[in-house]
Amino acid sequence: MKSIFDDSKPIFQQISEMIADDIVDGQLQEGDQLPSTTALSQFYRINRATAQKGLAALVDGGYVYKQRGVGMFVAEGARDKLLAERKLDFHQQYVRPMLEEARRIHLPKKEIIRLIEEDYDD
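Residues numbered from 1 in each chain as written. Predicted model: local features only at pLDDT ≥ 70, side-chain atom pairs only at ≥ 80, totals over all residues. Heavy atoms only, no water.

Asks: Could you clarify how one ought to interpret the overall build of the protein chain in this entry?
Replies: The number of helices and strands found in the protein chain is 5 helices and 2 strands. Going from N to C terminus, the protein chain has its helices and strands arranged as α-α-α-β-β-α-α. The globule rule puts the C-alpha radius of gyration for 122 residues at 14 Å, and the 19 Å found for the protein chain is more than 25% above it. For the protein chain, the C-alpha atoms occupy an extent of roughly 60 × 30 × 25 Å along the three principal directions. Sorting the 122 residues of the protein chain into buried and exposed places 26% on the buried side. Across the protein chain, every contact between residues at least 6 apart in sequence was considered, and the portion connecting residues at least 24 apart equals 48%. Accessible surface, the protein chain as shown: approximately 8,800 Å² in total, 50% of it carbon and sulfur. (Helix = DSSP H or I, 4+ residues; strand = E, 2+ residues; numbered from the N terminus. Rg over C-alpha atoms; globule rule 2.2 N^0.38 Å. Buried < 20%, exposed > 50% of the residue type's maximum accessible area, 1.4 Å probe, protein only. Contact = heavy atoms within 4.5 Å. Areas by Shrake-Rupley, 256 points an atom, 1.4 Å probe, with all protein chains shown as cover.)

Asks: Would you mind showing me how to read a nonpolar patch on the surface here?
Replies: A surface patch of nonpolar side chains, about 310 Å² in accessible area, is lined by Met 98, Ile 116 and Tyr 120. Within the element layout of this structure, Tyr 120 appears in the segment after α5 (109–119). Classification of Tyr 120 by relative accessible area gives exposed; the value is 56%. (Patch = residues over 30% accessible without salt bridge, like charges linked within 9 Å, V, L, I, M, F, W, Y side chains within 5 Å. Salt bridge = Lys/Arg side-chain N within 4 Å of Asp/Glu carboxyl O.)

Asks: What is the right way to read helix α3 (residues 48–61) from this model?
Replies: Two residues of an α-helix separated by three or four positions point the same way, owing to the 3.6 residues in each turn. Between the first and last C-alpha of α3 there are 20 Å, a value that for 14 residues agrees with the 20 Å anticipated at 1.5 Å per step. Turning to α3, its buried residues number three or more, namely Ala 51, Gly 54, Leu 55, Leu 58 and Gly 61. Angularly, the buried residues of α3 cover 120 degrees about the axis, an arc narrow enough to put them on a single face. Residues of α3 that are exposed and point over 90 degrees away from its buried face: Ala 49 and Asp 60. Looking at the buried side of α3, the elements it contacts are α1 (11–24), α2 (37–44), β1 (64–67), β2 (71–74) and α4 (78–104). If you check the start of α3, you find a side-chain oxygen 2.6 Å away from the backbone N of Ala 49, and it comes from Asn 47. Among the residues trailing α3, Gly 62 stands out with phi positive, at a value near 85 degrees. (Expected span 1.5 Å × (residues − 1). Arc of directions from axis to C-beta. Polar contact = N/O pair within 3.5 Å; in protein donor to acceptor, adjacent residues only side chain to side chain.)

Have a look at this one:
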């Protein structure tokens, strides 16, 4: 997890996204325990309620589950669910606008594909 927040979004949302990134990247696996609210609040020097709100967003999304008295854990299928959602977001946030601009400047599909293949590393 990164240790510095920016002003682009609320801190609780950045906490939630950092943990989701760790799940997507495989740093957190299904069944792994997450840091506690106290650990997060101490590490980041933030209010416990802010850390709790970030974790609650993950629980609400179904990526994490609570085990009373023990902690929070990565839910089964969390990575697959996050990947599917992020692929959809990628399409909507990047691909569609790119294609709209390509049409606007009369860039042919073959040229778009060539440009992508030129810069894409497998």
